[in-house]
Every structure is written in C-alpha cells, then in structure tokens.
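Below are the chains, spelled out letter by letter.
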Amino acid sequence: MTRIPSPARSGARARARKVFLCAALLALAVQAAVAPASAQGAGHRYGSDCVRTARPLGDEAREVLAITRKAKADLHLNSVELKVTRGGREILTDALGESMTGVPAEPDMHFRAGSVAFSYVGTTLLQLVQEGRVGLDDTVERWLPTLPMANRITLRMLASNTTGLHDYVTDPAFLAELEAHPFRHWTPQQLLAYPYSHPFWYEPGTNWSYSHANYLLLIQALEKITGTRIDKLLRERVTGPLGLDNTRNNFTPDIPRPVLHAFTSERGLYEESTFWNPSWTTAPGAVITTHVCDLARSAAGIGSGELISRSSYRTLLDPGTVGLGHPTATCPATVCLEQTEAKHFGLGVIVINGWVLQNPSFSGYAAIQAYLPSDRLAIAVNATKTKDTPDGNMAEVVAQRIAAALAPGAPLAIV
C-alpha cells in the first residue's frame, strides 16, 4: 500500500536407550544427507548473501550508520533494516534493533513490501506495450467488461491513477471492517464493491487521485492480456531478470523465514500484526514479501528503467500526470492532489525531486525503495514500530536523512 494517503505464527522423545541411540544415528544420517539442500531453502541463514557490511566500515558507511542509529532512537523504532548502494557498489547493509524481544533484527529477514509490487506491474505493462501486445491508450472493456465506464478508461489511466475511481483503502466502511477483522481474507470482488458504490470523482483521464482499485483492476487486465497469472508474470518479467530471489508472492498471510515481526497500535492496543491478512492490499498473486537487499536491487532496477526502453522509461516517470490534480466541486483537495514536475505519480512509481520510489506502509510495516538516477544512488529501508513510534511511514524519515547526507542537492521530500 502506498502512502498517498497512506497487513506465521509461529516439538522428540526417547523411550529406551536402544531406541534413543538408533533414532540419534538416523537423525545424523538424514541431516548429513539433506543439509546442503536445506541450507539453500527459505528460512535458512546459512549462505545468505544479505548480511551486514564487513567491518571496519568506510567513512561514508559510518556516516550512514550513525544517521540510522540516531533516527532509530529519535523515532522510537523497534527495528531498522537498510541497504544503500551507489552505482551498484555497497555503501552499507545493516539491521538495528529487534524482530521480537530478544531476537535481533537481521538484514535477511523478510517483510511485507505492499505497493512495491505496483512498480513491477507498471514496468510489465510498458514491456507489453513495447512488444506491441497492447497500446497504453487501449480502453479496457474487452478485459474488464464489468468495470463502469470501461469503454472510456484506458490502461494508462489505470496505471497512472487517473480513472476517478474511489480508493477503498480510505473508505470508512472498509476501514471499519478491516480494523474489526484484521485476519479476514478479501477477494477482489469484495474490495471493488466499495469504489463501485460511489460515483467517480471526475471524468476518467481529466484529473488525478490515488486508488488501490486501479491496480487491482490493472492486474486483472494484465492476466487476461497475457493469459498468465500475475505472480508468474512478474517473476518472468521483473523479479526474475532483476535477480530478486527473495521477493515473492504469498497467497496466504505466511511470510518466508526468517521473518521480521511487526507491531502496531493502529487498533488502539499495541499488538503484533505480522500475520494480519494482507489480501486487501492488491490483487491475488501480487501480495509480495522481500528483504532489504532485494529492496535495494529493486530500487535500482526499477528506478533506472533497466528492464524497459528509454522511451518507456520516460513514460514510466511521467505518463501524463504532471499538471493534473486539482480540486473540483466533486473532488476535494485532499483527494485530487496536485501533480507537479517535482512531485508526481508515474506508472506504479512516485517521482520526487528526481528520486524514483515506492513507499509501502501498513499493519506495522513501513518501507521505502528510492533511487536517484543522476547519482545512481539506491536507498532501501524497512522499519518496525514500538508503542511510542510516531504515526506515518518512519522508513521514509530514515531514508530522507540518509539522502540529505549523500545527495544534498536532491531532497527526498516526501511529505
């Protein structure tokens, strides 16, 4: 979920000496046989390539670490994971704080990545346009016949948030249900019922307003266009080519091990939210988890347009949103937000002072992937909360402070 505006819980007996010895020998034999394969599976830190930067640290890495430590204290964060690179070269990878009480946070711990998936969907759409499979301005009635005004809504409008559809994530009726039942599984039809119950904010294509419904629908369209389920499509076209082996879809609330646990006070009581059901965040097949090293690689790969042509990259950064966004009699200024050259929404990405980013924040998880093409600088941060953490995406604040030190001429001014 993008903040414009802004969900796996975790037993041997011996009955006689002879049985015990046999079992022990058998266990050793099995362990020797399967250890090499198991070591490579999800949940095993053996052989992980997402580890803390070797000490001693260089000057730049020490500066970033000091900034992060101070931010963690200032913001009362439970944990901070980060990776910063320039030109593909590691500046710092680290993790501070705890996953749970007594369990240190580690860089290779997995967390929910929410709207980062939208940047993959935008890139995939542009690839299909490059290949002549679809046109960006094709209307969507052939793939989404039940969508109101489908014959006037285009793929570009869905991807750039210019349809005028309400956002179910800000609908009071939806929020009340989500708060009361955080473990509920949601279907796309149930989610779309909320925006469909409201009139459009404006005539499609004439204004700008953020809505998760747009990407829910765009994903459905892409599946019909390609005949491929979205998790497989994104693996084939984005996460596979970028080498994001720890970024994957989850059809259940489970998270691959090792897990960074999350906590939140959003329901009034500070409680664990790690395994709240995230099915509401987007379409089935695009509900992803990742770790901070993949997030940094994702920032660079998407933010540089590595997987698309130069022309498509220009469209990724500005699909026609700049200049849109203005309040009207039917759309308040809190919804129809101004889209400027310095700060606007692209195709599944946000552009701020040259930075290309995504910033998921929900159910106790807050993250950001940000890339500055002019400096080839990638910043990836994930943060979890204590009961005293301020509201909002605090990973953004950590990233802003790092960016101010490493690229002072390009402020990462999200708020």
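Just so you know, these numbers come straight off a predicted model, no measurement behind them.

Asks: I'd like to hear about unusual backbone geometry, residue by residue, with values.
Replies: A cis amide bond, omega 5°, links Arg55 with the succeeding residue Pro56. Position of Pro56 among the secondary structure elements: in the loop between helix H1 (17-39) and helix H2 (59-74). Residues Arg257 and Pro258 are joined by a peptide bond in cis, for which omega reads -5°. Phi angles above zero are rare outside glycine, and Met149 is one such case at about 60°.

Asks: Outline the state of the cysteines, listing residues and values.
Replies: Under the counting rule described, the total for this entry stands at two disulfides. Disulfide partner of Cys50: Cys293, at an S-S distance of 2.1 Å. On the sign convention where negative means left-handed, the S-S torsion of about 85° between Cys50 and Cys293 marks this disulfide as right-handed. Of this pair, Cys50 sits in the loop between H1 and H2 while Cys293 sits in helix H9 (residues 292-303), and the two are 243 residues apart along the sequence.

Asks: Let's hear about the nonpolar core: which residues, and what values?
Replies: Within the largest apolar cluster, 115 residues are counted, with the highest numbers of intra-cluster contacts made by Trp355, Val381 and Ile402. No other element matches helix H7 (residues 212-226), which puts nine residues into this core. Those residues in contact with Trp355, other than ones at most four positions away along the chain, are Ile350, Ala370, Tyr371, Leu372, Leu377, Ile379, Ala403, Ala407, Ala410, Pro411 and Leu412.

Asks: Outline the pairing of strand E14 (residues 377-385), supporting the account with residue identities and numerical values.
Replies: Burial analysis of E14 places nine of its nine residues in the buried class, the great majority of the element. Burial along E14 is two-sided: the face carrying Leu377, Ile379, Val381, Ala383 and Lys385 and the face carrying Ala378, Ala380, Asn382 and Thr384 are both buried. Of the pairings in the sheet, the one linking strand E1 (residues 77-86) to E14 comprises nine bridges and is antiparallel in character. From the neighbouring strand, Leu77 faces E14, where its bridge partner is Lys385.

Asks: If you had to explain the packing of H2 against helix H11 (residues 394-406) to someone new, which residues and values would you point to?
Replies: Where H2 meets H11, the axes come as close as 9 Å, and the angle between the chain directions of the two elements is 150°. As the angle between them shows, H2 and H11 are arranged roughly antiparallel. For the pair H2 and H11, the crossing hand works out as right-handed. Of the residues in H11, those touching H2 at Glu60, Glu63, Val64, Ile67, Thr68, Lys70, Ala71 and Asp74 are Val398, Arg401, Ile402, Ala405 and Leu406.

Asks: Could you give an account of helix H8 (residues 230-239), with specific residues and numbers?
Replies: Of all ten residues in H8, seven are buried, a share of seventy percent or more. Within H8, burial applies to Ile230, Asp231, Leu233, Leu234, Arg237, Val238 and Thr239. End-on, the buried residues of H8 take up no more than an arc of 155°, which puts them together on one face.

Asks: Can you explain the pairing of strand E11 (residues 355-358)? Please cite residues and give values.
Replies: Of the two faces of E11, the one lined by Trp355 and Leu357 and the one lined by Val356 and Gln358 are each fully buried. Note: strand E10 (residues 350-352) against E11, three bridges, orientation antiparallel. Its bridge partner being in E11, Ile350 is matched across the sheet by Leu357. Linking two consecutive strands that pair antiparallel, namely E10 and E11, is a turn of two residues; a positive phi of about 50° is found at Asn353 within it.

Asks: Would you mind going over the sheet that holds strand E4 (residues 111-112) in detail, with residue names and values included?
Replies: With antiparallel pairing, the three strands of this open sheet are ordered in space as E4-E8-E5. A strand with exactly one partner marks an edge of an open sheet, and here the two such strands are E4 and strand E5 (248-249). In the sheet, E4 pairs with strand E8 (residues 288-290) via two bridges, with the strands oriented antiparallel. Within E8, the position partnered with Phe111 by the bridge is Thr290.

Reading the values: rules and limits
Sequence order as written defines the numbering, with residues in each chain counted from 1. Local features in this predicted model are restricted to residues of pLDDT 70 or higher, and side-chain atom pairs are both shown and tallied only at a pLDDT of 80 or more, whereas totals for entire chains, interfaces and linings draw on every residue. Values reported for side chains reflect all heavy atoms of the structure, with hydrogen atoms and water molecules removed beforehand. Helix and strand definitions follow DSSP, with helices as H or I runs of at least four residues and strands as E runs of at least two, each counted in order from the N terminus. Criterion for a disulfide: a pair of cysteine sulfur atoms within 2.5 Å. Grouping buried Ala, Val, Leu, Ile, Met, Phe, Trp, Tyr and Cys residues that are joined through side-chain atoms within 4.5 Å yields what is termed a nonpolar core. Only protein chains enter the accessibility calculation, which uses a 1.4 Å probe; a residue whose area is less than 20% of its type maximum is buried, one above 50% is exposed, and one in between is partly exposed. Contacts were defined at the residue level, with two residues in contact if any of their heavy atoms lie within 4.5 Å. Strand pairing is assigned whenever DSSP detects at least two bridges linking the two strands. As a rule, the C-alpha atoms of each element are fitted with a line to give its axis, helices using only the stretch in contact, and angles between N-to-C directions run from 0 to 180 degrees. Each angle receives one of four descriptions, namely roughly parallel if under 35 degrees, roughly antiparallel if over 145, roughly perpendicular if within 65 to 115, and oblique otherwise. By convention, the crossing between two helices is left-handed when the near helix turns anticlockwise from the far helix through less than a right angle, and right-handed when the turn is clockwise. The directions from the helix axis to the C-beta atoms are what the arc is built from.

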